[in-house]
Amino acid sequence: MLDYDDEAREYDETRGGEPRAAAAAAALERLLPPGPGTVLDLACGTGIVTERLLRPGRRVVGADLSAGMLGVAAGRVPGGVVCADATRLPLAGGSVDAVVMVWLLHLLPEPVAEAVFAEAVRVVRPGGVVVTTVDKNGGYFVEDGDVARATAELRRRHAPRASDGFGRVRGWAAERGLGVVGETVFPGVGQGRSPRRWLAEMASGHLPWAADAPAGEAAEARRRLADLPGQDVPRSDPLYRVVALGAAGA
């Protein structure tokens, strides 16, 4: 797990910067309730997306557990950030119109992810929505692309169970009387990786499906990647999935 306090100042430029933040915010906007209200951006990080959600009549609050991240976010959303544990939010039940979570659930063990989701549902008013990214790690791959095909078997065998899997999140919602009321995608602008970059990622040990695989299986996937044409040509930008969960007909 990253030390987000240490990463805060350089975090945005290593995660697609302003272009990707603009794409993420535009996707969230398509799913948020129109008109005035209060939006909680949970795990807001540096606030690079949070600030783009500000609208006349809309109050936006960014919450994060990292003081370093909030130090950056406070410059973007003055007076609009709070340090908070996502499993114990300092907010009354039904006090916000929407909660947004971009790339949070996939970082957490499944029981913690469900607790965070439950807390988000608790603070949303009846008729409001919880908007979250799902299937984040799967979004890295254009599934009909050559990199995806080269790594598909290794990922199928060894990818860890994803806490942000769509089916899992939809199940948590159903248990709380919610369903999918909207869905969209956004591109990870500038995030397409070349085969050589994927080989470096595999060598780094940061990819569980590569690090935990038997040596022979990992070597075969690396061979397939190394044989692809255009070793230094970035592939298509990944697409990330976002869903809105609320009461049907609200």
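Look up a bit, the structure's there.
Everything quoted here is computed from the prediction, not taken from an experiment.

Q: Looking at this structure, I do not really get the pairing of strand 5 (residues 124-134). What am I missing?
A: On any regular strand, side chains alternate: one points to one face of the sheet, the next to the other face. Counting buried residues along strand 5, eight of its eleven residues qualify, which places the element largely inside the surrounding structure. Both strand 4 (residues 96-101) and strand 5 contribute to a ladder of five bridges, which runs parallel. Considered in strand 5, the bridge of valine 100 is made with valine 131. Handedness of the crossover joining strand 4 and strand 5 through helix 4 (residues 110-123): right-handed. One ladder, built from five bridges, connects strand 5 with strand 7 (residues 239-246); its direction is antiparallel. Note on strand 7: the bridge partner recorded for threonine 132 is valine 243.

Q: Looking at this model, I keep getting lost on the environment of leucine 65. Mind explaining?
A: Checked against the element boundaries, leucine 65 lands in the loop between strand 2 (58-64) and helix 3 (67-76). For the pair leucine 65 and alanine 43, spaced 22 residues apart in the sequence, the C-alpha separation amounts to 7.3 Å. Residues within four places of leucine 65 in sequence aside, it is in contact with Cys83, Ala84 and Asp85.

About the criteria used
Residues numbered from 1 in each chain as written. Predicted model: local features only at pLDDT ≥ 70, side-chain atom pairs only at ≥ 80, totals over all residues. Heavy atoms only, no water. Buried < 20%, exposed > 50% of the residue type's maximum accessible area, 1.4 Å probe, protein only. Helix = DSSP H or I, 4+ residues; strand = E, 2+ residues; numbered from the N terminus. Pairing = 2+ DSSP bridges. Right-handed = clockwise from strand over helix to strand, strands pointing away. Contact = heavy atoms within 4.5 Å.

It is worth stressing that arrangement in space is one thing and function is another; only the former is reported here.
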